[in-house]
Amino acid sequence: MKAKSGWKTVALACALALLAVMAALLWQLAHRETPQDARWRYAAGDILCVGDSLTSGTCFGHGLEGADIQQRYSYYLARMLNARVDTAAVPGISVSAWFTEYAARYDYRDYDTVILWFGTNNGPANSLEADVLSRSGPDAYAETETGYYCRLIEKIRAENPDCLIVLVNVFASKDDVEEVNRGISSIAAHYALPLVDMSDMGSEAHPEYHAGLQNPHFGKTGNIAVASRIVDTLEIWFAADPSRAEYGVRALAE
């Protein structure tokens, strides 16, 4: 009787162990990473952030009176993505002036992703048809913010066709915010580019993003929020079509 009892105990233990292994395998199958769950945001690895003072990191909180801070959104974007992120931003500038004065200074082949955030200091109007589409090419585009926005996109693409360009809209502008955002949206649609929506991030709705001030510039909290929203947009953009992540692939240096 004792021998039979012992065998029953061993058999029960083996059965329980087998059930535990099967349960573990089923859990892994249920929780394994699917294409929808993959961390698609990591497709962006060498990033250039182009823009005005919101990109340069201008801050009026903490008694800084408009100084650029290290904790700008590009700083947090680099940390969130474990990526190389460079900043090419000038306070007070619009895309027309940036294109004219700074666009030729950068080698866009050094980057796989470029983020453009213009419009707070004069922005593109919803005039794509008249300023761009009805014209023969970039040299003939209208001398407007819309025309220069498209010139910049096409310059980047001409120098680096394998570069993802990301557009960001605005929550404040010297021009009409809604008109500027319609203009940016139409440009994004025309070039089939991802668009990050920042239209709700103003200081009236979110003073905590602006160091508690009624000012368009961000504090540390706001820059974290901006970087987070860019990361989320990238995640959604790549997840919608994972083949979009097949860009910026480079051979290892020998």
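Draft legend 1. Quick look at the nonpolar core. Counting residues in each nonpolar core, the largest one holds 67 residues, and the members touching the most others are Leu77, Trp98, Leu116, Trp117 and Leu167. Beyond its immediate chain neighbours, meaning those up to four positions away, Leu167 contacts Leu116, Tyr149, Ile153, Ile184, Ile187, Ala188, Leu193, Pro194, Leu195 and Val196.

Draft legend 2. Representation of the pattern of salt bridges in the model. The full count for this structure, using the stated rule, is nine salt bridges. Put simply, Arg250 and Asp46 hold a salt bridge, and the shortest N to O gap is 3.6 Å. Taken together, the residues span a long stretch of sequence, with Arg250 in the segment after helix 8 (220-240) and Asp46 in strand 1 (residues 46-51) at a distance of 204 residues. Lys155 serves as the salt-bridge partner of Glu159, at 2.7 Å between the closest nitrogen and oxygen. Of this pair, Glu159 and Lys155 both sit in helix 6 (residues 145-159), four residues apart, roughly one helical turn. By relative accessible area, which is 24% here, Lys155 ends up partly exposed.

Draft legend 3. Looking closely at the sheet that holds strand 6 (residues 164-168). What the five strands build is an open sheet, ordered 4-1-5-6-7; its pairing is parallel. In the strand order of this sheet, the two ends are held by strand 4 (84-89) and strand 7 (195-196), each with one partner. Bridge count for strand 6 against strand 7 is two bridges, and the pairing is parallel. Bridge pairing links Leu167 to Leu195 in strand 7. Of the strands in this sheet, strand 6 and strand 7 are in contact with helix 7 (residues 177-191), which crosses strand 6 at around 160°.

Criteria and thresholds
Each chain carries its own residue numbering, running from 1 in the written order of its sequence. Residues qualify for local features only when their pLDDT is at least 70, as the model is predicted, and side-chain atom pairs are given and counted only at 80 or more; totals for whole chains, interfaces and linings, by contrast, use all residues. Neither water nor hydrogens contribute to the side-chain values; these are computed over all heavy atoms in the structure. Put simply, buried Ala, Val, Leu, Ile, Met, Phe, Trp, Tyr and Cys residues joined by side-chain atoms within 4.5 Å make one nonpolar core. Partly exposed describes any residue whose relative accessible area lies between the buried limit of under 20% and the exposed limit of over 50%, with all areas from a 1.4 Å probe on protein chains only and scaled to the type maximum. Only heavy atoms matter for contacts: two residues are in contact if any of them lie within 4.5 Å across the pair. Each salt bridge in this description consists of a side-chain nitrogen of Lys or Arg and a carboxyl oxygen of Asp or Glu lying within 4 Å of one another. To qualify as a helix, a DSSP run of H or I must reach at least 4 residues; to qualify as a strand, a run of E must reach at least 2; elements of each kind are numbered from the N terminus. We treat two strands as partners when DSSP finds at least two bridges between them. Angles shown run from 0 to 180 degrees and are taken between the N-to-C directions of axes, each axis being a line fitted to C-alpha atoms and, for helices, limited to the stretch in contact.

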